[in-house]
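# Close look at the chain arrangement
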Amino acid sequence: MNFLSEPRKWERFFWPILASALLLALWHYSVVWSGTKVFPSPREVLNGMGDLLRHHVLWRDIVDSLRRVAAGFGAAVVLGVPLGLTLGWYPAANQVVNPVMQLLRPISPIAWIPVAIIFFGVGDRAAMFLIFLGAFFPIVVACISGVSNVPSVFRRAGRNFGLTAPQLLAKVLLPAALPQILIGLRIALGIAWLVVVAAEMIAVDSGLGYLVIDSRNSGKRYDLVVAAILMIGVIGLVLDLAFRRLEKLRSVRWGFRFES
Amino acid sequence: MQDESAARTTVRVRLRPIAFIAALLVLWSIGIRREPSHLLPGPWGVVGGIADLVRHGLLLKYVVASLFRVTWGFVLAVVLAIPLGLAVGWYRRAEMALNPILQILRPISPLAWIPIAILWFGVGDLAAIFLIFVGCFFPLMLTAINAVQSIPAVYVNAGRNFGLSSAALVYRVLYPAVVPNLIVGLRITLGIAWLVVVAAEMIAVSSGLGFLIIDARNAGNRYDLVLAGMLIIGVIGLLLDMGMRSLEKVKSFRWGYSED
Amino acid sequence: MSLTQPVSVPAAVTTKLSVEHVSMVFERDGKSTHVLNDISLDVGDGEFVCLLGPSGCGKTTLLNAMAGFLSPTSGEIKVSGEVVRKPDPRRIFVFQERGVFPWLTVEGNIGFGLSKLPRLEREKRVAYYVKMVGLEGFEKTYPQELSGGMKQRLEVARALAVNPDMLLLDEPFGALDSITRLIMRGELLRIWEAERKTIVFVTHDIDEAVQLADRVVVMSARPATIQQIVNIDITHPRDISSPRYLELRDGIFQQIGLAHKV
């Protein structure tokens, strides 16, 4: 088979399945040959997952994690989008606020835990605050860049048709910036998912992150640890894919280049 | 005459963000003074905290520790992920094979790997470096894959047209074409590395800026040190980002960018 | 003909647009660029006028000033006696097809300026203009799926739907292939004759100017002045092989200083 020829349709399934099977085999045999007593084999992880599901633990933790993400991410959208749009619309305002944002942005949300605990105590609220922090800056940045990248023809055409400033924002700038805003939202959601897991490992006692840390601490159940880790990956992927579907809507499709 | 007033306006414009920051600091101090029993310090308290750290020689020690881990984790990830990613991006079948696996592993917070990191490396520097490596590996790999796939076909065709061998094609077309995208990816991933190191240090090691934050709180609610730590984290993260941006400006890389 | 005196319009037509001694200077990083130099021009109601000149000579700048997107550094532009200060739906600017809004369908775009109308009236108008520019069947299509020529037609339809007094077109056919361009010129003339709007059309294509305009305003390179105004006295449809056409066209060629043989 010529390695550079166009792949056929069946290959879309063949290669990933082959690679995954090889990986699983590699994993399995590494565990067997190294004689480790602790690190789980693929089968043990599968059993572990069954265990979690059977005891209803997994569902509750998944729901808890998703709930926190929804709240933190939702708050970040509600506060971040209007702020970002405003800053993009008034470059002067952006110039004033930007240095503060650039300073706060590289601080990991996890580093805010002590501060979060002061204001929210230990528990759900603190976790949601951390998620909010993680998602807020990417959303604001995406909105700013979305608005400022709107080609000036659109702005001019809008003014030509007699639109007032608020109408211009709603009927021209927002739709024109929407593709970029959506990308920012998707990335922010990914970050929110990372933060919730990390926050749960430190500051709360439920959720997938907590499951990871707890499985190890209370009994070195590494099969559960790996099972939880994989669940985190899968759910994160599902969230991402769901969001990508939004990008296919006709009224924003034009802003993306899709692979055929 | 015109130059004078232009110069005055520039100064006034430059002062605005500073005035904004000053206003925020004032609000902060007022807020703290209203509740003197509050655990959080005012701005001067934070300055005192920094002075404290300097006096005990801890500031430099912790900054160096964090930077040390970031550097190792980041560089290892770059050295492994970029060539691998470029190769995978070049061969469609390789990308098809590995993509699902990458997509599942990507949304997993590096911190979720802590139990495994501790299992393999024990508590300490290596575990932290491993976490940073994991946090950087997947984004870098995906960046490299994406960079290769974004090379306009015309470049490759032109290269082949001029009779370039595969090796020459890689060296003279592929590599220069991907460099701009790679550099942006490096900058973003370095930002991620900085977030991860702080979080990792809060859990898995006993030095570094992240450790400072958790320790300052646990050993006596020294919130002045907590905030001082956060501020330093922000500043260094910003400096790292600015450093990478200046790399983007190096002339031979600039062809990939329009005016920012 | 003096180059700096206002050029008046034939007596029987009222003046729609009047450009009076307009100059435009741009400042950038301390450097001044003189783009327009003392331009004076009158355009009559229902006239089709072409601004012709090499790329970058400032004709687009003049057009933008007429639309109200830019203010002249000196001089005034008046439409129907009122000084132009800002953009207005009575003077619609048609960009090179890239002004079409990609997030709206054909119908959505055409109806863009009609939001103040009651729904039934709006739908009627949209349908009318869809038909007029020949986009039937594509009402629910998004611009992404249209060809360049179709997008251009869409933009013209959107402009006409708000019933403006004037249309200002900035090299609208520049991005189209030459065959489509010929077709589109015919379409534009057809539409113009149906609605008789005042049109100011910017182009760098001499043939295009002579084929379309009642009068061709030949502009010099930057800083632009009006070199000559040519009256195209051939009635439509114009035979592009007729001696009069070639005579007028060659005259402009010579005026611009172009060689006649390739």
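See above for the structure.
Let me begin by describing the structure that accompanies this report. (Residues numbered from 1 in each chain as written. Chains lettered and ligands numbered in written order. Predicted model: local features only at pLDDT ≥ 70, side-chain atom pairs only at ≥ 80, totals over all residues.)

So, on to the overall build of chain B. Broken down by element type, chain B carries ten helices and zero strands. When the helices and strands of chain B are placed in sequence order, the string is α-α-α-α-α-α-α-α-α-α. A globule of 260 residues ought to have a C-alpha radius of gyration of about 18 Å, yet chain B, at 23 Å, is considerably larger. If you line up chain B on its principal axes, its C-alpha atoms span 75 × 70 × 30 Å. Scored against the burial criterion, the 260 residues of chain B give a buried share of 39%. Put simply, 71% of the contacts in chain B that link residues at least 6 apart link residues at least 24 apart. (Helix = DSSP H or I, 4+ residues; strand = E, 2+ residues; numbered from the N terminus. Rg over C-alpha atoms; globule rule 2.2 N^0.38 Å. Buried ≥ 20, exposed ≤ 12 C-beta atoms within 10 Å, placed from the backbone. Contact = placed C-beta atoms within 7 Å.)

We now examine the sheet that holds strand E1 (residues 15–28) of chain C. All names here are of chain C. Here four strands make up an open sheet; going across it, the order is E2-E1-E4-E5 and the pairing antiparallel. Across the chains shown, the open sheet's two edge strands, defined by having one partner strand only, are strand E2 (31–44) and strand E5 (82–83). Across ten bridges, the pairing between E1 and E2 is antiparallel. Bridging from a neighbouring strand, Thr 15 pairs with Gly 44 of E2. (Pairing = 2+ DSSP bridges.)

Formed by 221 residues in total, the largest nonpolar core has its most connected members in Leu 130, Ile 131 and Ala 192 of chain A together with Leu 131 and Ile 132 of chain B. With 21 residues, the top contributor of residues to this core is helix H8 (residues 165–202) of chain A. Apart from residues lying up to four places away in sequence, Leu 131 of chain B is in contact with Pro 110, Leu 111, Trp 113, Ile 114, Ala 117, Val 196 and Ala 200 of chain B. (Core = buried A, V, L, I, M, F, W, Y, C linked by C-beta atoms within 7 Å.)

This paragraph deals with the sheet that holds strand E8 (residues 198–203) of chain C. Residues and elements named next belong to chain C. Pairing is mixed in the open sheet, where six strands are placed in the order E6-E7-E8-E3-E9-E10. Sheet topology places strand E6 (91–94) and strand E10 (226–231) at the edges, where each strand pairs with a single neighbour. Between one strand axis and the next, the sheet turns through 15 degrees on average, direction left out of account. Pairing of strand E9 (residues 215–219) with E10, which is carried by five bridges, proceeds in the antiparallel orientation. Considered in E10, the bridge of Val 217 is made with Ile 229. (Axes fitted to C-alpha atoms, helices over the stretch in contact; angles between N-to-C directions.)

Its 14 residues give helix H4 (residues 91–104) of chain A an end-to-end C-alpha distance of 20 Å, which sits within 8% of 20 Å, the value for a rise of 1.5 Å per residue. If you look at H4 of chain A, its biggest bend is around 40 degrees, right at Val 97 of chain A, and the proline Pro 99 of chain A turns up within four residues after that. (Expected span 1.5 Å × (residues − 1). Bend = angle between axes of the 7 residues up to and from the residue.)

Here we take up the interface of chain B and chain A. The interface is formed by 45 residues belonging to chain B together with 48 residues belonging to chain A. Mapped by element, the contributors of at least two residues to the side of chain B that touches chain A are helix H1 (2–34), helix H4 (92–105), helix H5 (114–121), helix H8 (166–203), helix H9 (209–218) and helix H10 (223–248) of chain B. Of all the elements, H4 of chain B adds the most residues to the side of chain B that touches chain A, at eleven residues. A class-by-class count of the residues in the side of chain B that touches chain A yields 33 nonpolar, seven polar and five charged. (Nonpolar A, V, L, I, M, F, W, Y, C, P; charged D, E, K, R; others polar.)

Further remarks concern the packing of H4 of chain A against H10 of chain B. Running from amino to carboxyl end, H4 of chain A crosses H10 of chain B at an angle of 100 degrees, the nearest separation of the two axes being 7 Å. Taken together, the axis directions place H4 of chain A and H10 of chain B in an arrangement best described as roughly perpendicular. Two secondary-structure elements touch here, H4 of chain A through Gln 102, Leu 103 and Leu 104 of chain A and H10 of chain B through Gly 234, Val 235 and Leu 238 of chain B. Here the contact of H4 of chain A with H10 of chain B is composed, by residue class, of four nonpolar, two polar and no charged. (Parallel < 35°, antiparallel > 145°, perpendicular 65-115°, else oblique.)

Right, let's talk about the environment of Thr 143 of chain B for a bit. If you trace the backbone, Thr 143 of chain B turns up in helix H6 (residues 125–149). Non-local contacts of Thr 143 of chain B, meaning those with residues more than four positions away in its chain, are made with Gly 85, Asn 181, Leu 182 and Gly 185 of chain B.

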